[in-house]
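# Remarks on the overall topology
These are the residues of each chain, in order.
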Amino acid sequence: MVASGRGGDFYEAEGVRDAYLRHRGALSPNMVMDAPAFTGATGSVAGCRVLDLGCGDGSTADVVLGRGAASYVGLDGSAGMIEEARQRVSDGRATFVHGDIEDLEGGGEAFEVAISRMALHYVEQLDLVFEKVHRALSVG
């Protein structure tokens, strides 16, 4: 049962997370179609502190850290997805936080790069999230 209606709740519904995880990997449509465009659009992340909104199972952590990011923080509203991410990503530069994108807190120039793959459609007040992200990014 979905209680609050936020994005992470979708993946807590019975069978949804398992179905999603069954379709990951090198032949996943998300990897085949989205990953090349995403990688090209983000440019270099070498040496950067990266925030990932809606990190899901942490698949993007491998990509970002493999491209030389200094650190990676993945935020997701699904406790099950966060647990999956923590189990599958062993790189010490990665941290996974359970929390809704809308509740993002931070500031003080904590990150150089903020990313989100296939998650922002769950956000009702995107303008407010963008304001919070802007405050969390370092100048320049």
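Residues numbered from 1 in each chain as written. Predicted model: local features only at pLDDT ≥ 70, side-chain atom pairs only at ≥ 80, totals over all residues. Heavy atoms only, no water.

## What about helix H6 (residues 126-136)?
A turn of α-helix holds 3.6 residues, and therefore any two residues three or four places apart point the same way. Those residues of H6 that fall on the buried side of the exposure criterion are Val-129, Val-133 and Ala-136. Projected down its long axis, H6 shows its buried positions confined to an angular sector of 55°, all on one face. Taken together, the buried residues of H6 touch strand E1 (49-53) and strand E4 (113-115). (Buried < 20%, exposed > 50% of the residue type's maximum accessible area, 1.4 Å probe, protein only. Helix = DSSP H or I, 4+ residues; strand = E, 2+ residues; numbered from the N terminus. Arc of directions from axis to C-beta. Contact = heavy atoms within 4.5 Å.)

## Description of the sheet that holds strand E2 (residues 71-76)
If you trace the 4 strands from one edge of the open sheet to the other, you get E3-E2-E1-E4, paired in parallel fashion. On the outer flanks of this sheet lie strand E3 (94-98) and E4, each paired with one strand and no other. For this sheet the average axis-to-axis angle between neighbouring strands, irrespective of direction, equals 20°. Of the pairings in the sheet, the one linking E2 to E3 comprises 5 bridges and is parallel in character. (Pairing = 2+ DSSP bridges. Axes fitted to C-alpha atoms, helices over the stretch in contact; angles between N-to-C directions.)

## A few points about the nonpolar core
Ranked by internal contacts, the top residues of the largest apolar core, which has 17 residues, are Val-50, Val-64, Tyr-72 and Phe-96. Put simply, the parts of the chain that give this core at least two residues each are helix H4 (59-66), helix H5 (79-88), E3 and E4. With 3 residues, the single largest contributor to this core is H4. Filtering out sequence-adjacent residues up to four positions away, Val-64 remains in contact with Val-45, Val-50, Ala-69, Tyr-72 and Ile-115. Within the second largest apolar cluster, 11 residues are counted, among which are Leu-51, Val-123, Val-129 and Ala-136. (Core = buried A, V, L, I, M, F, W, Y, C linked by side-chain atoms within 4.5 Å.)

## Quick look at the side chain of Asp-76
Topologically, Asp-76 is positioned in strand E2. A distance of 3.3 Å separates the side chain of Asp-76 from the backbone nitrogen of Cys-55, its partner in a polar contact. Filtering out sequence-adjacent residues up to four positions away, Asp-76 remains in contact with Gly-54, Cys-55, Gly-56, Met-81, Ile-82, Val-97, His-98 and Gly-99. (Polar contact = N/O pair within 3.5 Å; in protein donor to acceptor, adjacent residues only side chain to side chain.)

## Let's talk about unusual backbone geometry
We note that Met-118 has phi near 55°; this positive angle belongs to a residue other than glycine. Along the polypeptide, Met-118 turns up in the loop between E4 and H6.

## Re the side chain of Arg-117
Here Arg-117 is to be found in the loop between E4 and H6. There is a polar contact of 3.2 Å between the side chain of Arg-117 and the side chain of Thr-60.

## Focus on the pattern of salt bridges
Enumeration over the complete set of coordinates arrives at 3 salt bridges. Residue Asp-62 is joined to Arg-88 by a salt bridge in which the shortest nitrogen-to-oxygen separation is 3.0 Å. Pair noted here: Asp-62 is in helix H4 and Arg-88 is in helix H5, with a separation of 26 residues, a long-range link. Overall, the relative accessible area of 39% leaves Asp-62 in the partly exposed class. Judged by relative accessible area, Arg-88 falls into the partly exposed class, the value being 31%. As a salt-bridge pair, Asp-91 and Arg-93 come within 2.8 Å of each other at their nearest N and O atoms. The partly exposed category is assigned to Asp-91, whose relative accessible area is 27%. (Salt bridge = Lys/Arg side-chain N within 4 Å of Asp/Glu carboxyl O.)

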